[in-house]
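# Structural overview
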Amino acid sequence: MRQQLLALQAEVIKIKSAKILWATFIAFAIVPVMGGVFILVVQDNEAMEKASGFALKIKAMNFEANWKSYLNVLSQAVGVGGVLLFGFVASWIFGREYSDGTAKDLLSLPTSRTKIVNAKFILYVLWCLMLVLSNLVVAFILGTTLHLPTMDTSSLTGILNDYFITTALTIIAGVPIAFFALYGKGYLAPLSFVALTLVFSQVIAAIGYGSYFPWSIPGLYSGAGGEYKNLLSSFSYIILLLTGIVGYLATTIYWKNADQTK
Amino acid sequence: MEIIKTDGLTKSYGKTVAVDNISIHVNKGEIYGFLGLNGAGKTTLIRTLLGMIKPDGGSVTLFGKELNSNFNQWNHIGYLVEAPYAYPNLSVYENLKVFYKLRQLTELTEIDSIIECLKLTKYRNTKANALSFGNQQRLGLAKALIHKPKLLILDEPINGLDPEGIVEVRELLIDLAKNGSTIFLSSHILGEISKLVNRIAIIHEGKLIKELTTKELSSQISKKILVQTADNQKAIQILLNANYSASLTYTNEIEVTNKEVFEHSEVISKVLTENEFPPKQIYLFTEDLENYFLRTIKENKQ
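Residues numbered from 1 in each chain as written. Chains lettered and ligands numbered in written order. Predicted model: local features only at pLDDT ≥ 70, side-chain atom pairs only at ≥ 80, totals over all residues. Heavy atoms only, no water.

Another point: the overall build of chain B. In terms of regular secondary structure, chain B is built from 10 helices and 14 strands. Each of the three principal axes of chain B carries a C-alpha extent, and together these read 80 × 45 × 35 Å. Put simply, chain B has 302 residues, and 51% of those count as buried. Looking at chain B alone, contacts between residues at least 24 apart form 67% of all its contacts between residues at least 6 apart. Carbon and sulfur atoms provide 48% of the accessible area of chain B, an area that totals close to 14,200 Å². Placing the 35 positive and 35 negative side-chain charges of chain B at their respective mean positions leaves the two points 6 Å apart. (Helix = DSSP H or I, 4+ residues; strand = E, 2+ residues; numbered from the N terminus. Buried < 20%, exposed > 50% of the residue type's maximum accessible area, 1.4 Å probe, protein only. Contact = heavy atoms within 4.5 Å. Areas by Shrake-Rupley, 256 points an atom, 1.4 Å probe, with all protein chains shown as cover. Lys, Arg positive; Asp, Glu negative; His and termini not counted. Charge placed at Lys NZ, Arg CZ, Asp CG, Glu CD.)

Here you go:
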């Protein structure tokens, strides 16, 4: 346990001064800020009546100036945008060791290779959790500032429950990206994989098979696919879970056993 | 005690045999130099010793324990493989702190000690991406030495260092060996290796083609007396008549290879002067390590 903690502390030192850390928070915060703009427009009857392109889009989304609509937007951003952003985080955490040329320094140490990979996965989960929490905080500040009507506790709990389940599903979907970062020895392979999954998740979800495609499942669960959410079954969650498990095992087995020549 | 032992170590990449049946041993307190041209297999061998590459055949034993997935002596080993990369956004201190954690060390003062030892104090809070190559090399060495290892495996440890840095690192390595550390190093700065090592191995196209002590090396390094006269052709004839082994080199000098005259070149001068061909120039030529190395590889090819 001490070894694992020390490995995690080493990972934390590595990201402390990384500009990319703050860049991900700023990029993700665009979602609650945009949600805030939606609220402002919806609250402004005059703006809505002008039927500008933006107002029409907001109407098409059935967006209302309340916490439910606002938090649903955040959930959908995690379920769809999170596949991209969390994938980017995983690509960076695992791929940087090859891009920085430091991978070889992590291989012959008293801290086992599995613990080093585990520390990276823990950091990945913590980073993603901090991202979704920071978005909640930004949304809370903006929503309160914009005087959104208060919501009853049970509805809020339900929405937050969906928000964090979407987060968990998206985090699981990002696990296999670590393998591509190690296998591809850098950022290119995992980022290409992320881009491909994003495209395929949209296409496959649109033709009605999203409930079988691991990277569509978080988006569908978040409600981004509307009624397609109803297609999700236990089988969908098992597929996603198996994808995460296979991704984790492939990453650790590869890191432990593959010849490291870079 | 044998600190490193390889037995029939072999590694291939497709049809290319990077390491071909190499068996070596390095004793405690020894500095062992490994020479080879680029692509000779030095780095593959070093990575295999560090468990980064799995051999196709043969075995590696470190500290008497076979290198396998249960090997747990890594805190006795420090290493620097190829270029000394560091986390670019972290300072020298933070870079070392990462390895302080991963090596499970307990005294934070060890970081500043190694920073001081490698003359990096001035750059303690400088980010690695702002360091010169020489200082990055020092940082790489600091990572390898922070835990005071009993075995150091270093790939080109003096690469990029200025002359002062080379002397400092040489003295540091000699000190470590005196205190019982074992050092296995590769370098292409052959003259520098000869000042450091107790034994030298030469690897070529994956094969170990020579292994010898520095004493054996000095006896194998070729020596000859080189002479120039007003008429070298006639002078050669005179030396041959006097039973000396003499021939003309491509630089139009006479070379005399009889060992007995190496310490007494005046004998050659006397013979030539008595026959009215006094030497215009006469000196003892000693082959340097670079020449010896290239000659050994050439002989191996033949």
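Scanning chain A from terminus to terminus reveals 10 helices and zero strands. Listing each helix as α and each strand as β along chain A from the N terminus yields α-α-α-α-α-α-α-α-α-α. For 262 residues, the compact-globule formula gives about 18 Å, and the C-alpha radius of gyration of chain A, at 20 Å, lands near that figure. Every one of the 262 residues in chain A was classed for burial, and the buried ones make up 50%. When contacts within chain A are restricted to residue pairs at least 6 apart in sequence, long-range pairs at least 24 apart make up 76% of them. Looking at chain A as shown, the accessible area adds up to about 11,800 Å², and 71% of this sits on carbon and sulfur atoms. (Rg over C-alpha atoms; globule rule 2.2 N^0.38 Å.)

Turning our attention to the pairing of strand S2 (residues 16-27) of chain B. Residue and element names in this part refer to chain B. Where strand S1 (residues 2-13) and S2 come together, eight bridges link them in antiparallel fashion. Bridging across to S2, Tyr13 finds its partner in Thr16. The loop that links S1 with its antiparallel partner S2 comprises two residues; one of these, Gly14, has a positive phi angle of about 65 degrees. (Pairing = 2+ DSSP bridges.)

What follows concerns the sheet that holds strand S12 (residues 246-248) of chain B. The strands that make up a sheet are held in pairs by hydrogen bonds between backbone atoms, and each pair lies either parallel or antiparallel. All names here are of chain B. If you trace the four strands from one edge of the open sheet to the other, you get S12-S13-S11-S14, paired in antiparallel fashion. Only two strands of the sheet have a single partner each, and these edge strands are S12 and strand S14 (281-286). Each adjacent strand pair in this sheet contributes to an overall mean axis angle of 30 degrees, direction not counted. Bridge count between S12 and strand S13 (residues 254-256): three bridges; the pairing is antiparallel. Paired with Leu248 across the bridge in S13 is Ile254. (Axes fitted to C-alpha atoms, helices over the stretch in contact; angles between N-to-C directions.)

This part takes up the environment of A:Tyr98. Residues and elements named next belong to chain A. When you line up the elements, Tyr98 lands in helix H5 (residues 67-99). The class of Tyr98 is buried, set by a relative accessible area of 3%. Sequence separation of Tyr98 and Ala18 is 80 residues, and the distance between their C-alpha atoms is 16 Å. Among all residues touching Tyr98, those that are not within four sequence positions of it are Ala103, Ala181, Leu182, Lys185, Gly186, Trp255, Gln260 and Lys262. Among the polar contacts made by the side chain of Tyr98, one reaches the side chain of Gln260 at a distance of 2.6 Å. (Polar contact = N/O pair within 3.5 Å; in protein donor to acceptor, adjacent residues only side chain to side chain.)

As a further point, take the side chain of B:Thr44. Mapped onto the secondary structure, B:Thr44 falls in helix H1 (residues 42-49). B:Thr44 gets classed as buried once you look at its relative accessible area, which sits at 13%.

What the rule picks out here adds up to 17 salt bridges over all chains. Between B:Lys207 and B:Asp20 there is a salt bridge, with the nearest N and O atoms lying 3.3 Å from each other. Pair noted here: B:Lys207 is in strand S10 (residues 207-213) and B:Asp20 is in strand S2, with a separation of 187 residues, a long-range link. A salt bridge links B:Arg138 to B:Glu168, with the shortest nitrogen-to-oxygen separation between them at 3.0 Å. On the criterion of sequence distance, the pair formed by B:Arg138 in helix H4 (residues 133-145) and B:Glu168 in helix H5 (residues 163-178) is long-range, its members being 30 residues apart. Among the residues examined, B:Arg138 registers a relative accessible area of 10% and is labelled buried. Each of A:Glu11, A:Lys14, A:Glu97 and A:Lys120 takes part in a single network of salt bridges with overlapping partners. (Salt bridge = Lys/Arg side-chain N within 4 Å of Asp/Glu carboxyl O.)

Listed by partner, the interface residues are 31 residues for chain B and 32 residues for chain A. Taking both sides of the interface into account, the surface hidden between chain B and chain A amounts to around 2,800 Å²; carbon and sulfur atoms contribute 55%. Among the residues of chain B in contact with chain A, B:Tyr87, B:Leu102 and B:Gln104 are the three that bury the most area, contributing 24% of the side total. Residue B:Lys143 is joined to A:Asp105 by a salt bridge in which the shortest nitrogen-to-oxygen separation is 2.9 Å. (Buried area = accessible area lost by both parts, 1.4 Å probe.)

What follows is about the confidence of the model for chain B. Residues and elements named next belong to chain B. Put simply, chain B has an average pLDDT of 90, and 100% of its residues get 70 or more. Across chain B, the secondary-structure element scoring lowest on mean pLDDT is helix H6 (residues 190-196), at 78, and the one scoring highest is helix H2 (residues 92-102), at 97. Two summary scores accompany this predicted model of the complex, namely pTM at 0.88 and ipTM at 0.89. (pLDDT = per-residue confidence, 0-100.)

Before going further, it helps to spend a moment on the pairing of strand S7 (residues 151-155) of chain B. All names here are of chain B. Counting buried residues along S7, five of its five residues qualify, which places the element largely inside the surrounding structure. Of the two faces of S7, the one holding Leu151, Ile153 and Asp155 and the one holding Leu152 and Leu154 are both buried throughout. Across five bridges, the pairing between S7 and strand S8 (residues 182-186) is parallel. Paired with Leu151 across the bridge in S8 is Thr182. After leaving S7, the chain enters H5 and then returns to the sheet as S8, a path that is right-handed. (Right-handed = clockwise from strand over helix to strand, strands pointing away.)

All names here are of chain A. The interhelical angle for the contact between helix H6 (residues 113-145) and helix H7 (residues 153-184), taken along N-to-C directions, is 145 degrees, at an axis separation of 10 Å. Considering how the two elements wind past one another, H6 and H7 form a crossing that is right-handed. On H7, the residues that touch Phe121, Tyr124, Val125, Cys128, Leu129, Val132, Leu133, Asn135 and Leu136 of H6 are Leu160, Tyr163, Phe164, Thr167, Thr170, Ile171, Gly174, Val175 and Ala178. Of the residues that constitute the contact of H6 with H7, the class distribution is 14 nonpolar, four polar and no charged. (Left-handed = near helix turned anticlockwise from the far one by under 90°. Nonpolar A, V, L, I, M, F, W, Y, C, P; charged D, E, K, R; others polar.)

This part covers the sheet that holds strand S6 (residues 77-80) of chain B. Residue and element names in this part refer to chain B. Read across the sheet, six strands follow the order S6-S7-S8-S3-S9-S10 without closing on themselves; strand pairing throughout is mixed. Taken across any chain shown, the strands that pair with only one partner, and hence form the sheet edges, are S6 and S10. Averaged over all pairs of adjacent strands, the angle between strand axes in this sheet comes to 15 degrees, irrespective of strand direction. Across the sheet, helix H10 (residues 289-301) is in contact with strand S3 (31-35), strand S9 (199-204) and S10; its angle to S9 comes to roughly 45 degrees.

As a further point, take a nonpolar patch on the surface. Residues A:Ile238, A:Leu241, A:Leu242, A:Ile245, A:Leu249 and A:Ile253 make up a contiguous nonpolar surface patch of roughly 550 Å² in combined accessible area. Note on A:Leu249: relative accessible area 42%, which makes it partly exposed. (Patch = residues over 30% accessible without salt bridge, like charges linked within 9 Å, V, L, I, M, F, W, Y side chains within 5 Å.)

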